[in-house]
Amino acid sequence: MLRSLNARATVVSLLFLAVLLGLWEINSHAPAASSAKSEYELLMGGAEQETRVPPPSAVIERAVEELSDPFYDAGPNDKGIGIQLAYSIYRVLSGYFMAALVAILCGFLIGMSPLMYKSLNPYIQVLRPISPLAWMPLALFIIKDSEASAIFVIFICSIWPMLINTAFGVASVRKDWVNVARTHELSPWRTAFTVILPAAAPTILTGMRISIGIAWLVIVAAEMLVGGTGIGYYVWNEWNNLDLTSVIFSILMIGVVGMLLDMALSAVTRLVRYQE
Amino acid sequence: MKHFLQVQGLAKRYPSPDGKGRLTVFEDANFTVEKGEFVCVIGHSGCGKSTILNILAGLDEASAGTVIMNGKEVAGPSLQRGVVFQNYSLLPWLSALNNVAFGVRARWPEWNKWQVTEHSMKFLELVSLKDAINRKPAQLSGGMRQRVSIARAFATQPQLLLLDEPFGALDALTRGVIQEELLKIWHETKQTVFMITHDVDEAILLSDRVLLMTNGPHARVAESVKIAIPRPRDRNSVIHHPAYYRIRNHLVEFLLSRSRELTDHAARSGENMNTDPAAIPLEVDPSLENSGIPDLALKRRTARAQVIDHLKPTSTSA
C-alpha cells in the first residue's frame, strides 16, 4: 500500500520509463529475416538494419562503458565524456559569471535611476532577442580566438535575463523599505547592500536561473560551431562518426548536467527567498 | 517662548489633474509640540495628516512653510525622528530581533554585536516579544509585527517619534493591548510623540493634546484640544473620569459637523477671505465647565454621539 504521493509518483515514473524503453527496444531490433533477402538488400549487405536508431540496451551499455572511465584522454578526437562536459561547464560558468557581474552592477544602476532605465531600455530591447550564435562571426573576427568567442557567446546570451531581472527587482523594491533606510540615515552603499540587495535578491536569482538554462542550451550549439572540445563538439563528432549510440548517450548527459545546474541555482534561490 | 517642535505655515499643493491649477491639500498649518508631549492628530481621510507626518519625518517636502525642531530646520530624514508606519515596514528577510537591531546598528554604528543585541532585546521585552525574537515578520501576527515596529522606533531613541496610524490595521482587542504597551514604553522613555489616528478614544487615552484638522482640500489645523485627564491612565479608569465624555463629545462633534462646516465656510468666502496665515489653532479644554459650549447643546451632542457609537464600532474602545 503506497500512501505517499511521492512514492506513487515514483512508481508511475518508472512505469512510463519501462514502457518507453520497452517500445524503443522492440522497435529498434530488425524484424527477423523471415523471407530471403531481396537482391537490393543483398547488394547493400543488410545495411537497412544499420539505419535504425540504436536500442536503449546499447545506449546503457555505452553509458556504463563511458562513465566507468570518464576522464581518459586518447588524443584530440578521443576524450572521455567527463573531460568534454568539464570543458563545456568551464565555458558556461566563466561566461555566465562575467555576465552576472556586469548584469547585476548595471541592473542596479538601471533599476535605481529612472533616467537610465528609460534611456537604456531601447538598446536592451533590441539586443535581447538576437540569437547568441549570430554574434559568433563578429566575435571570431574581433577576438580572433575560438575558445574566447564561445565564452563571449555565453556571456552575451546570459546577460539579458539577469540584467532585466535585476533592474526590475531593484526598481520595484517597496517604497516603505527604502523609507526605512532613509529614516535610519543609511548611506547609499549600506542601503544598497542591506535593503535593496536582499529585497531584490529573489528576483535577481530568478534571472540567474533563467540565464544558466539559456547558457547551457547555447553552449552545445556554440561548440558545434567552434569545435575542438566540449559536449557540443562531442555530439557533432559522434554524428560524423555515425556513432548514434554515443549521440544519444551525450544527449542524455546534456540533460542531466542542465538539470544539476538548475538545481544548484534553485537551492541558492531558496536561501534568499523571503515571505512578505 | 521656544518650542521643541515648531510648524509654521505648512502647506502641501499638488498640480491638479487637469494640469491647470494646483490642488491644495492643506495650508497654513501652524502648531507646536513641547518636549515629552504626546500629541495626536485627528481628521478625516484626505485632510493631509499623513502628509504632515511625512514632512515632519523628512520623507516628503512641503510646498510652503517650515518645520523647526530643536532650533534646527527639518530637511530630509534623520535618525532624530523615528517613524512607525501603518503597514509596519519591517524588513521581511530579517527576524524580529534583527529588525530592531537594524535600527540600533544604524543609530550607534560604533557598538559591538553584543551591545546591539542587548539593547534590542531590552526594547523587545518592553513590548512583550521576548519569546518571538527569532521569527520572521511573516510568522508574526499583525499585532506582533506592529510591536516589533514600535520597538525598533523606540530603540533608536529619537528626539521625536512619529506614529502614522500605528493601530489602524489591528482588531480592537489587540489594539487595546498595544495601546497600553505604548503608554508603558512612553512612560519609561519620556519620548516626544506625534501620532496620527482615526480613533477618538485612542487619542484621549494616549495624548496630552489632540490637534483637529478640518476636511481637505484646503484643510487646516483648526483646534488644539487639551486632554485634562491625569496620568497614568488605563483603558478601564479613563472612561470613568468626569471629563472623559465632555472631551469625547467635543472631538466627535468636531469630526461629525464642524470639520466640514469650517472647510465649507472657508470655501464660500473664497480667496478674498483674509484668513490669517499665521493663525494658531484655537485652544480648547472641554474638561472645564465653562468651555464655551452651552450645556443644552452639549446634551444634544452627547445623545448624537452615542448613536454614532453604535453605528461606528471602530471608534469605541475595546
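In this text the structure is predicted, and so the values were computed from the model without any measurement.

Quick word on the overall build of chain A
Okay, step 1: Across its full length, chain A carries 11 helices and 0 strands.
Okay, step 2: Reading the secondary structure of chain A in the N-to-C direction produces α-α-α-α-α-α-α-α-α-α-α.
Okay, step 3: For chain A, buried positions account for 39% of its 276 residues.
Okay, step 4: Summed over all atoms, the accessible surface of chain A reaches about 16,100 Å², with 69% contributed by carbon and sulfur.

Things to note about the overall build of chain B
Okay, step 1: Across its full length, chain B holds 9 helices and 11 strands.
Okay, step 2: By the burial criterion, 54% of the 318 residues in chain B qualify as buried.
Okay, step 3: A separation of at least 24 residues holds for 72% of the contacts in chain B among residues at least 6 apart in sequence.
Okay, step 4: Surface summary for chain B: the accessible area is close to 14,400 Å², and the carbon and sulfur share equals 53%.

Some details on the nonpolar core
Among soluble globular proteins, nonpolar side chains are generally buried collectively.
Okay, step 1: Formed by 93 residues in total, the largest nonpolar core has its most connected members in Trp216 of chain A together with Leu5, Phe26 and Phe194 of chain B.
Okay, step 2: Tallying contributions element by element places helix α9 (residues 188-226) of chain A first for this core, with 15 residues.
Okay, step 3: Look past the residues within four positions of Trp216 of chain A in its chain and what remains in contact with it is Leu85, Ser88, Ile89, Val92, Ile231, Ile254, Val257, Gly258 and Leu261 of chain A.
Okay, step 4: With 60 residues, the next largest nonpolar core counts Ala96, Ala101, Leu140 and Ala153 of chain B among its residues.

A look at the side chain of Asn215 of chain B
All names here are of chain B.
Okay, step 1: Residue placement: Asn215 occurs in the loop between β9 (209-213) and β10 (221-226).
Okay, step 2: When its relative accessible area of 17% is taken as the criterion, Asn215 is described as buried.
Okay, step 3: For Asn215, the residues in contact, after removing those within four places along its chain, are His44, Cys47, Ser259, Arg260 and Thr263.

Side note on the pattern of salt bridges
Residues and elements named next belong to chain B.
Okay, step 1: Evaluated as defined, the whole model comprises 20 salt bridges over all chains.
Okay, step 2: With a shortest N-O distance of 3.5 Å, Arg220 and Glu27 are connected by a salt bridge. Note that Arg220 is positioned in the loop between β9 and β10 and Glu27 in strand β2 (residues 22-33), a separation of 193 residues in sequence.
Okay, step 3: Since its relative accessible area comes to 19%, Arg220 is described here as buried.
Okay, step 4: Assessed through its relative accessible area of 12%, Glu27 is described here as buried.
Okay, step 5: Sharing partners across several salt bridges, the network here consists of Arg13, Glu27, Asp28 and Arg220.

Comments concerning a nonpolar patch on the surface
Residues and elements named next belong to chain A.
Okay, step 1: On the surface, Met224, Trp236, Trp239, Leu242 and Leu244 cluster together into a nonpolar patch covering about 500 Å² of accessible area.
Okay, step 2: Looking at where Met224 falls in the secondary structure, it is placed in helix α9.
Okay, step 3: Taking relative accessible area as the criterion, Met224 reaches 32% and is therefore assigned partly exposed.

Here's the deal with the sheet that holds strand β11 (residues 282-284) of chain B
Each strand in a sheet pairs with its neighbour through backbone hydrogen bonds, running either in the same direction (parallel) or in the opposite one (antiparallel).
Residues and elements named next belong to chain B.
Okay, step 1: Taken in spatial order, the 7 strands of this open sheet run β6-β7-β8-β3-β9-β10-β11, and their pairing is mixed. Every interior strand has two partners, whereas the edge strands, β6 (81-84) and β11, have only one. When the angles between neighbouring strand axes are averaged without regard to direction, this sheet yields 20°.
Okay, step 2: The pairing of strand β3 (residues 38-42) with strand β8 (residues 192-197) spans 5 bridges and is classified as parallel. Across the sheet, residue Phe38 finds its bridge partner in β8, namely Val193.
Okay, step 3: Against the sheet, helix α1 (residues 49-57) contacts β3, β6, β7 (160-164), β8 and β9, and its axis sits at roughly 150° relative to β8.

Brief notes about the side chain of Glu223 of chain A
Residues and elements named next belong to chain A.
Okay, step 1: Among the structural elements, Glu223 can be located in helix α9.
Okay, step 2: Under the relative-accessibility criterion, Glu223 is labelled buried at 1%.
Okay, step 3: Of the polar contacts made by the side chain of Glu223, one reaches the side chain of Arg91; its length is 2.6 Å.

Focus on the interface of chain A and chain B
Okay, step 1: Listed by partner, the interface residues are 18 residues for chain A and 21 residues for chain B.
Okay, step 2: Carbon and sulfur atoms make up 67% of the area that chain A and chain B hide from each other, which totals about 1,800 Å².
Okay, step 3: The interface formed by chain A and chain B includes 0 salt bridges.
Okay, step 4: In this assembly, chain A and chain B are joined by 4 residue pairs in polar contact (both at pLDDT 80 or more).
Okay, step 5: Looking at the side of chain A that touches chain B, the elements that each hand over two or more residues are α8 (175-183) and α9 of chain A.
Okay, step 6: In terms of residue count, the dominant contributor to the side of chain A that touches chain B is α8 of chain A (6 residues).
Okay, step 7: Grouping the amino acids of the side of chain A that touches chain B by side-chain chemistry returns 7 nonpolar, 5 polar and 6 charged.

Here's the deal with the pairing of β9 of chain B
Regular strands place their side chains on alternate faces of the sheet.
All names here are of chain B.
Okay, step 1: Extensive coverage of β9 is indicated by the burial of 5 of its 5 residues.
Okay, step 2: Neither face of β9 is open: one carries Arg209, Leu211 and Met213, the other Val210 and Leu212, and all of them are buried.
Okay, step 3: Bridging between β9 and β10 involves 5 bridges; their strand directions are antiparallel. From the neighbouring strand, Arg209 faces β10, where its bridge partner is Lys226.

Overview of helix α3 (residues 113-126) of chain B
Residue and element names in this part refer to chain B.
Okay, step 1: Spanning 14 residues, α3 covers 20 Å between terminal C-alpha atoms, matching the ideal 20 Å at 1.5 Å per step.
Okay, step 2: Along α3, the positions that sit buried rather than exposed are Val116, His119, Ser120, Met121, Phe123, Leu124 and Leu126.
Okay, step 3: Buried residues in α3 make contact with α2 (96-107), α4 (142-155) and α5 (172-189).
Okay, step 4: The opening residue of α3 is Asn112, an N-cap whose side-chain oxygen sits 3.1 Å from the backbone nitrogen of Trp114.

Things to note about the confidence of the model for chain B
The predicted coordinates of low-pLDDT regions are not to be read in fine detail.
Residue and element names in this part refer to chain B.
Okay, step 1: Mean pLDDT over chain B stands at 84; residues scoring 70 or higher make up 87%.
Okay, step 2: For chain B, the element scoring lowest by mean pLDDT is helix α9 (residues 295-311), at 44; α2 scores highest, at 95.
Okay, step 3: In the model, residues 294-318 has pLDDT below 50 throughout and makes 25 contacts with residues more than four positions away in sequence or in other chains.

The rules behind these values
Residues numbered from 1 in each chain as written. Chains lettered and ligands numbered in written order. Predicted model: local features only at pLDDT ≥ 70, side-chain atom pairs only at ≥ 80, totals over all residues. Heavy atoms only, no water. Helix = DSSP H or I, 4+ residues; strand = E, 2+ residues; numbered from the N terminus. Buried < 20%, exposed > 50% of the residue type's maximum accessible area, 1.4 Å probe, protein only. Areas by Shrake-Rupley, 256 points an atom, 1.4 Å probe, with all protein chains shown as cover. Contact = heavy atoms within 4.5 Å. Core = buried A, V, L, I, M, F, W, Y, C linked by side-chain atoms within 4.5 Å. Salt bridge = Lys/Arg side-chain N within 4 Å of Asp/Glu carboxyl O. Patch = residues over 30% accessible without salt bridge, like charges linked within 9 Å, V, L, I, M, F, W, Y side chains within 5 Å. Pairing = 2+ DSSP bridges. Axes fitted to C-alpha atoms, helices over the stretch in contact; angles between N-to-C directions. Polar contact = N/O pair within 3.5 Å; in protein donor to acceptor, adjacent residues only side chain to side chain. Buried area = accessible area lost by both parts, 1.4 Å probe. Nonpolar A, V, L, I, M, F, W, Y, C, P; charged D, E, K, R; others polar. Expected span 1.5 Å × (residues − 1). pLDDT = per-residue confidence, 0-100.

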